[in-house]
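As a plain string of letters, each chain reads:
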Amino acid sequence: MATGQGAQFQTTPLSCAEPFARAREQRQQAWILTSATLTTAQRFEPFLNEIGLPGSAALRWDSPFDFARQALLYLPTPMPSPQAEHFPELVAEAAWPILRASRGRAFVLCSTLRAVPRVARRLRELMDASGDPLPLLVQGDDNRRAMLGEFRRLGEAVLVGSVSFWEGIDVRGDALSVVVIDKLPFAPPDDPVVEARIRQMKAQGRNPFYEYQLPHALTLLRQGVGRLIRGDNDRGVLMILDERLLSRSYGKTILASLPPFSRTRSEADACAFVQPRPSPEPGPPERFEGAEKVQ
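Every value quoted in this text rests on a predicted model; they were computed, and no experiment measured them.

Attention now moves to the overall build of the protein. Check the secondary structure of the protein and you find 11 helices and nine strands. Taken over 295 residues, the protein has a buried fraction of 41%. Within the protein, counting contacts between residues at least 6 apart in sequence, those at least 24 apart form 74% of the total. Split by element, the accessible area of the protein, about 17,100 Å² in all, is 51% carbon and sulfur. For the protein, the distance from the average position of its 36 positive side-chain charges to the average position of its 34 negative side-chain charges is 4 Å.

A word on the sheet that holds strand 7 (residues 178-181). A sheet is described by the order of its strands in space; here seven strands give the open sequence 5-6-4-7-8-3-9, paired in parallel fashion. Each edge of the open sheet carries a strand with a single partner, namely strand 5 (136-138) and strand 9 (262-264). This sheet shows a mean twist of 20 degrees between the axes of neighbouring strands, independent of strand direction. Two strands pair when backbone bridges link them, and strand 3 (residues 71-74) and strand 9 are joined in this way by three bridges, in the parallel orientation. Residue pairing across strands places Tyr74 opposite Thr264, the latter belonging to strand 9. Relative to the sheet, helix 4 (residues 87-102) contacts strand 3, strand 4 (106-109), strand 6 (158-161), strand 7 and strand 8 (236-240), its axis offset from that of strand 7 by approximately 170 degrees. Lying on the sheet, helix 11 (residues 267-274) is in contact with strand 3, strand 7, strand 8 and strand 9; it crosses strand 3 at an angle near 150 degrees.

On to the packing of aromatic side chains. Applying the stated criterion to the full structure yields eight aromatic pairs. Plain terms: the ring middles of Phe65 and Phe67 are 6.0 Å apart, the flat faces sit at 90 degrees to each other, and that makes the pair edge-to-face. For the pair Phe209 and Tyr210, a centre-to-centre distance of 5.1 Å together with 85 degrees between the ring planes defines the contact as edge-to-face. You can call Tyr210 partly exposed: its relative accessible area is 40%. Feature note: the residues Phe186, Phe209, Tyr210 and Tyr250 constitute an aromatic cluster, connected by ring pairs. Against the face of Phe20 rests Arg24, its NZ or CZ located 5.1 Å from the ring centre. In this structure, Arg197 packs its charged tip against the face of Tyr212, placed 4.8 Å from the ring centre.

This part takes up helix 8 (residues 208-225). Counted at 1.5 Å a residue, the expected span for helix 8 with its 18 residues is 26 Å, and the 24 Å between its end C-alpha atoms agrees. Of all the bends in helix 8, the greatest reaches close to 30 degrees and is centred on Leu214; the proline Pro215 follows between one and four positions later. Counting buried positions along helix 8 yields 13 of 18 residues, so the element is predominantly enclosed. Measuring from the side-chain oxygen of the N-cap residue of helix 8 to the backbone nitrogen of Phe209 gives 3.1 Å; that N-cap residue is Asn207.

One finds Leu99, Leu123, Val158 and Val160 to be the most contacted residues of the largest nonpolar core, which totals 36 residues. At nine residues, the largest contribution of residues to this core is made by helix 4. Beyond its immediate chain neighbours, meaning those up to four positions away, Leu99 contacts Gly104, Ala106, Val108, Leu123, Leu134, Val158, Val178 and Val180. Counting 35 residues, the second largest nonpolar core, distinct from the first, contains Ile169, Leu221, Ile229 and Phe261.

In this section: the side chain of Lys183. Considering the arrangement of structural elements, one finds Lys183 in the loop between strand 7 and helix 7 (192-203). Buried charged residue Lys183 carries no salt bridge. Nearest counter-charge: Asp182, at 5.5 Å. In contact with Lys183, not counting residues within four places along its chain, are Pro82, Phe87, Ser111, Thr112, Trp166, Asp242 and Arg244.

Basis of the calculations
- Residues numbered from 1 in each chain as written.
- Predicted model: local features only at pLDDT ≥ 70, side-chain atom pairs only at ≥ 80, totals over all residues.
- Heavy atoms only, no water.
- Helix = DSSP H or I, 4+ residues; strand = E, 2+ residues; numbered from the N terminus.
- Buried < 20%, exposed > 50% of the residue type's maximum accessible area, 1.4 Å probe, protein only.
- Contact = heavy atoms within 4.5 Å.
- Areas by Shrake-Rupley, 256 points an atom, 1.4 Å probe, with all protein chains shown as cover.
- Lys, Arg positive; Asp, Glu negative; His and termini not counted.
- Charge placed at Lys NZ, Arg CZ, Asp CG, Glu CD.
- Pairing = 2+ DSSP bridges.
- Axes fitted to C-alpha atoms, helices over the stretch in contact; angles between N-to-C directions.
- Phe/Tyr/Trp six-rings, centres within 6.5 Å; stacked < 30°, edge-to-face > 60°.
- Lys NZ or Arg CZ within 6 Å of the ring centre and 35° of its normal.
- Expected span 1.5 Å × (residues − 1).
- Bend = angle between axes of the 7 residues up to and from the residue.
- Polar contact = N/O pair within 3.5 Å; in protein donor to acceptor, adjacent residues only side chain to side chain.
- Core = buried A, V, L, I, M, F, W, Y, C linked by side-chain atoms within 4.5 Å.
- Salt bridge = Lys/Arg side-chain N within 4 Å of Asp/Glu carboxyl O.

Geometry only, nothing functional implied.
Right, here's the structure in full:
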């Protein structure tokens, strides 16, 4: 980092295995690592190899949620490459029918910060053209905490954000019923750390894509997907607009790593699934005999 007074250099280890080994040597104790995003296609090996613990004991428990009943994975009809010039605008156009059917209550998660204002701008244009505006919250307009508070308060909002909204957020119930993900969150290959790690792994005769890039992208993707179903009564649609899920061989690994949602390519099915549930009609007043009911 360069300033008017000089320059500051920072180093980043290409692997966490050695620093983690030193930490374990300093503290002779049991280590238990837990997370909902450690596996790749139900396998722990990529994670264990990265942290320098191949062959360690690992256990996996299925989620208690009924994903096939509670959620629908919607993969729209073929989209252009995520590298296409107008891809962010096409994301907004493909997502708008679902967002309109759900009456907002949605996160639109972009894998790059650059895409956020473009997706939001096109969504605003579509809302205005349809005469059906919904509250639109855009990352950068306020801090994350304030935006989440406003999202919950408004009830029918669409929040467009980037990486900071992919994890550490818990919105339960009908307040969040749609999560749209524009594309698979692969780290840019020209990032200095990513580039160096790829070069190192190739020199070692390893496959950096399947051992490093894909597992890291999967971890972030599963964190974003995890925003949708947070409780037993949650229900919603996950929409991913990256055609590589179906056109590339590694797409099968990604799909096998996601919760077992029901799947569709039908916009009509996705719209029907996500329509707001009617509130139950009030029944007759309860009667209590021989006891008092305390409110």
